[in-house]
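Observations on chain architecture
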Amino acid sequence: METHILLLGLVVVLSSFSLAFSFEPSPLQDFCIADTSSTVKVNGLACKNPMLAQATDFSFSGLHLAGNTSNAVGSRVTPVTAAQIPGLNTLGISMVRLDYAPWGINPPHTHPRATEILTVLEGTIHVGFVTSNPENRLISKVLQKGDVFVFPIGLVHFQRNVGTGNAVAIAALSSQNPGVITIVSAVFKSNPTIPGDVLAKAFQVDKNTVNLIQSRI
Ligand SMILES: *[C@@H]1O[C@H](CO)[C@@H](O)[C@H](O)[C@H]1NC(C)=O
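Everything numeric in this text was worked out from a predicted model, so none of it was measured. (Residues numbered from 1 in each chain as written. Predicted model: local features only at pLDDT ≥ 70, side-chain atom pairs only at ≥ 80, totals over all residues. Heavy atoms only, no water.)

1. A word on the overall build of the protein
A tally of regular secondary structure across the protein gives four helices and ten strands. Scanning the protein from its N terminus toward the C terminus, one meets helices and strands in the order α-β-β-β-β-β-β-β-β-β-β-α-α-α. For the protein, the residues scored as buried account for 31% of the 217 residues in total. At a minimum sequence separation of 6, the contacts of the protein that also span at least 24 residues come to 69%. Element-wise, carbon and sulfur atoms account for 63% of the exposed surface of the protein, whose accessible area totals about 13600 Å². (Helix = DSSP H or I, 4+ residues; strand = E, 2+ residues; numbered from the N terminus. Buried < 20%, exposed > 50% of the residue type's maximum accessible area, 1.4 Å probe, protein only. Contact = heavy atoms within 4.5 Å. Areas by Shrake-Rupley, 256 points an atom, 1.4 Å probe, with all protein chains shown as cover.)

In structure tokens form, the structure reads like this:
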């Protein structure tokens, strides 16, 4: 009898561990390489025949190349998600390379499906995230080469190159498909746009100011 209770306790403890460690659904097989030609809609991507697995299904080349930062924000994200590595499908992880020109920013955004852990390879980067309502506390830090910082899942965060030269970072994300919601784009550049009076009242400005922002981005 006591052994049964002990076993039951063990099962409860183990199952809560597996919940805590696997945010995305746990794989039911060794791997599930995305079959990019499949039109089947599943949570994730349909699997191709595992007997046809190749090393190329699990690899990507090109993260040694700097991203082009000649744009309005002065940064570039090079993603390596399940879209670039079909073998990442169902495995709950991905990565990105981030390049920043001097004073370049990665504008405030969130990843709806992933926590992010970032390490600086070159340069000096000011990073931060904002906690949820009602505190909305900004937690930020200036990172040097080799420093690591975590952006908790779903929270709005940004990076800014505050060094003298270019900056480079690598980040890992806890989803094969983290998703990105760039705040400015979602709020001011949706399709169709959020009604101007909604934005004017939300930001406590007049509609012309809303139009001005919308015309700039
Ligand atoms: C970088 O992007 C800019 C703007 O799109 C473009 O004019 C330029 O040719 C690109 N540079 C390289 C090296 O691809």
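2. What about the UniProt feature "binding site: Mn(2+)" (unreviewed entry) in the protein?
In the numbering used here, UniProt assigns the feature "binding site: Mn(2+)" (unreviewed entry) to His 109, His 111, Glu 116 and His 157. Look at the named residues: they lie 49 residues apart in sequence, but the longest C-alpha span between them is just 12.0 Å, so in the fold they bunch up. Checked against the lining of the largest pocket, the annotated residues just named reduce to His 109, His 111 and Glu 116. Among the structural elements, His 111 can be located in the loop between β3 (105-110) and β4 (116-122). With residues up to four places along the chain from it excluded, the contact list for His 111 reads Glu 116, Ile 153, Gly 154, His 157, Leu 173, Pro 178, Gly 179 and Val 180. Within the structure, His 111 has its side chain in polar contact with the side chain of His 109 (distance 3.4 Å). With respect to the element layout, Glu 116 can be found in strand β4. (UniProt positions renumbered as here; feature names shortened; annotations may be inferred. 1 Å grid on protein atoms, 1.4 Å probe; cavity = no way out; pocket = protein on both sides within 12 Å on 5 of 7 lines; lining within 4 Å. Polar contact = N/O pair within 3.5 Å; in protein donor to acceptor, adjacent residues only side chain to side chain.)

3. Digging into the UniProt feature "binding site: oxalate" (unreviewed entry) in the protein
Summarizing the sequence annotation, UniProt attributes the feature "binding site: oxalate" (unreviewed entry) to Asn 106, His 111 and Glu 116 in the numbering used throughout. Considered against the largest pocket, the annotated residues that line it turn out to be Asn 106, His 111 and Glu 116. Tracing the backbone through its elements, the reader meets Asn 106 in strand β3. Taking the relative accessible area as the measure of exposure, Asn 106 reaches 9% and is therefore buried. Apart from residues no more than four positions distant in its own chain, Asn 106 is found in contact with Ser 75, Val 77, Leu 98, Tyr 100, Phe 158 and Gln 159.

4. Things to note about the nonpolar core
Counting 17 residues, the largest nonpolar core has Leu 98, Tyr 100, Leu 118 and Ile 125 as the members making the most contacts within it. Only β2 (94-100), β4, β5 (125-130), β7 (148-151) and β9 (167-173) provide two or more residues apiece to this core. Considering every element that reaches this core, the biggest residue donor is β9, with four residues. Residue contacts for Leu 98: discarding those within four places in its chain leaves Arg 76, Val 77, Asn 106, Glu 116, Leu 118, Gln 159, Ala 167, Val 168, Ala 169 and Ala 171. (Core = buried A, V, L, I, M, F, W, Y, C linked by side-chain atoms within 4.5 Å.)

5. Observations regarding a nonpolar patch on the surface
Together, Ile 117, Val 148 and Val 150 give the surface a local cluster of nonpolar side chains, amounting to about 240 Å² of exposed area. Here Val 150 is to be found in strand β7. (Patch = residues over 30% accessible without salt bridge, like charges linked within 9 Å, V, L, I, M, F, W, Y side chains within 5 Å. Salt bridge = Lys/Arg side-chain N within 4 Å of Asp/Glu carboxyl O.)

6. Comments concerning unusual backbone geometry
The omega angle of the peptide bond from Asn 133 to Pro 134 is 0 degrees, so this bond is cis rather than trans. The residue Pro 134 is located in the loop between β5 and β6 (138-143) in this model. The omega angle of the peptide bond from Asn 191 to Pro 192 is -5 degrees, so this bond is cis rather than trans. The topology assignment puts Pro 192 in the loop between α2 (183-188) and α3 (196-203). One non-glycine residue, Asn 136, adopts positive backbone phi at about 50 degrees. Inspection of the secondary structure assignment puts Asn 136 in the loop between β5 and β6. The phi torsion at Gln 204 lies on the positive side, around 55 degrees, for a residue other than glycine.

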